[in-house]
Amino acid sequence: MEEHSDRLDVQVSVGDQLVLMRVAGEVDIATVAALRSALWSAPARPVLQLELSGLRLLSAAGVRALLAAHLRVRARGGELVLVDPSPVVARVLRVSGLHRVMPILEPGAAIEAARRPLAAATDLQLAA
C-alpha cells in the first residue's frame, strides 16, 4: 500500500501486530488528503506506527489529520505512535500539544515497542 504525490510519499508495511507507515515530504493543505487516505486505509492492528524522519513540513491540516487518526485508532482499541520526527515536525508537535496526546518515540525505542506493542504503548503513556 502506498500513497505518492510530488510532495508527499507514504509507504506502508503491515505485520501481525503493527502497521508501519513511513511518511516523507510535506503535509499541508494540498497533500493532507493523501495522508488521510493512507491513515484511513491502514488495516486495524494494535499499533499504527508513523515514522516521520523524512517529513519536512507538518501544517495545521496535518496536525488535524494526525489527531483524527489517533481518535480513530483509539476507538478501535489500538495506539497511534509517532517515531523520529524531524526537528521542524517535532516543534509543531510540541507547539500543537500533540506530544501530550500520543507517544513520540526515538528510533531505538520504536524497535523495542514493535516487539511489545501493547505493553510499550501503555508504558509510554505512563511516562509522558
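For the structure itself, look to the data block above.
In this text the structure is predicted, and so the values were computed from the model without any measurement.

Structural notes on the overall build of the protein
For step 1, the next point in the chain: Across its full length, the protein carries six helices and six strands.
For step 2, the next point in the chain: Listing every helix and strand of the protein by position from the N terminus yields β-β-β-α-β-α-β-α-α-β-α-α.
For step 3, the next point in the chain: Of all intrachain contacts in the protein linking residues separated by at least 6 positions in sequence, the fraction that spans at least 24 positions is 65%.
For step 4, the next point in the chain: When the accessible surface of the protein is split by element, carbon and sulfur atoms take 55% of a total near 6,600 Å².

Comments concerning helix H2 (residues 60-75)
Each α-helix turn comprises 3.6 residues. Residues three or four places apart therefore point the same way.
For step 1, the next point in the chain: The end-to-end C-alpha distance of H2, which contains 16 residues, comes to 23 Å, matching closely the 22 Å that a straight helix rising 1.5 Å per residue would cover.
For step 2, the next point in the chain: Listed as buried for H2 are Ala61, Gly62, Val63, Ala65, Leu66, Ala69, His70 and Val73.
For step 3, the next point in the chain: Where H2 begins, the capping side chain belongs to serine 59, and its oxygen is found 3.3 Å from the backbone nitrogen of alanine 61.
For step 4, the next point in the chain: Once H2 ends, the next one or two residues include glycine 77, with phi positive near 90°.

Observations concerning the pairing of strand E3 (residues 18-27)
For step 1, the next point in the chain: Among the 10 residues that make up E3, seven are buried, leaving the element largely enclosed by the rest of the structure.
For step 2, the next point in the chain: Relative to E3, strand E2 (residues 8-14) is paired through seven bridges, and the arrangement is antiparallel. Following the sheet pairing, glutamine 11 is matched in E3 by arginine 22.
For step 3, the next point in the chain: Taking the residues between adjacent antiparallel strands as the criterion, E2 and E3 are bridged by three residues.
For step 4, the next point in the chain: As judged from the nine bridges shared by E3 and strand E4 (residues 47-58), these two strands associate in the parallel manner. Each residue of the ladder has a partner; that of leucine 20, found in E4, is glutamine 49.
For step 5, the next point in the chain: Assessed by its sense of winding, the connection that carries the chain from E3 through helix H1 (residues 32-41) to E4 is right-handed.

Side note on the pairing of E4
For step 1, the next point in the chain: Relative to strand E5 (residues 79-83), E4 runs parallel, the two sharing five bridges. Note on E5: the bridge partner recorded for leucine 48 is leucine 80.
For step 2, the next point in the chain: Taking the sense of rotation as the criterion, the β-α-β connection linking E4, H2 and E5 turns out right-handed.

Considerations on the packing of H1 against H2
For step 1, the next point in the chain: Contact geometry of H1 with H2 gives a least axis separation of 10 Å together with a crossing angle of 10°. With respect to H2, the element H1 is oriented roughly parallel. From H1, Val32, Leu35, Leu39 and Trp40 reach across to H2, where they touch Ala61, Gly62, Ala65, Ala68, Ala69 and Arg72.
For step 2, the next point in the chain: Here the contact of H1 with H2 is composed, by residue class, of eight nonpolar, one polar and one charged.

What about unusual backbone geometry?
For step 1, the next point in the chain: Even without being a glycine, aspartate 84 presents a positive backbone phi close to 50°.
For step 2, the next point in the chain: Inspection of the secondary structure puts aspartate 84 in the loop between E5 and helix H3 (87-96).

Structural notes on the pattern of salt bridges
For step 1, the next point in the chain: What the rule picks out here adds up to three salt bridges.
For step 2, the next point in the chain: Across the pair aspartate 28 and arginine 7 runs a salt bridge, and its minimum N-O distance is 1.8 Å. A residue pair is termed long-range when its members are at least 10 positions apart, and aspartate 28 in the loop between E3 and H1 and arginine 7 in the loop between strand E1 (2-4) and E2 qualify at 21 residues.
For step 3, the next point in the chain: The class for arginine 7 is partly exposed, based on a relative accessible area of 32%.
For step 4, the next point in the chain: Where glutamate 26 meets arginine 56, a salt bridge forms, and the shortest distance between an N and an O atom there is 3.6 Å. One end of the pair, glutamate 26, is in strand E3; the other, arginine 56, is in strand E4, with 30 residues separating them in the sequence.

Rules and cut-offs
Residues numbered from 1 in each chain as written. Predicted model: local features only at pLDDT ≥ 70, side-chain atom pairs only at ≥ 80, totals over all residues. Heavy atoms only, no water. Helix = DSSP H or I, 4+ residues; strand = E, 2+ residues; numbered from the N terminus. Contact = heavy atoms within 4.5 Å. Areas by Shrake-Rupley, 256 points an atom, 1.4 Å probe, with all protein chains shown as cover. Expected span 1.5 Å × (residues − 1). Buried < 20%, exposed > 50% of the residue type's maximum accessible area, 1.4 Å probe, protein only. Polar contact = N/O pair within 3.5 Å; in protein donor to acceptor, adjacent residues only side chain to side chain. Pairing = 2+ DSSP bridges. Right-handed = clockwise from strand over helix to strand, strands pointing away. Axes fitted to C-alpha atoms, helices over the stretch in contact; angles between N-to-C directions. Parallel < 35°, antiparallel > 145°, perpendicular 65-115°, else oblique. Nonpolar A, V, L, I, M, F, W, Y, C, P; charged D, E, K, R; others polar. Salt bridge = Lys/Arg side-chain N within 4 Å of Asp/Glu carboxyl O.

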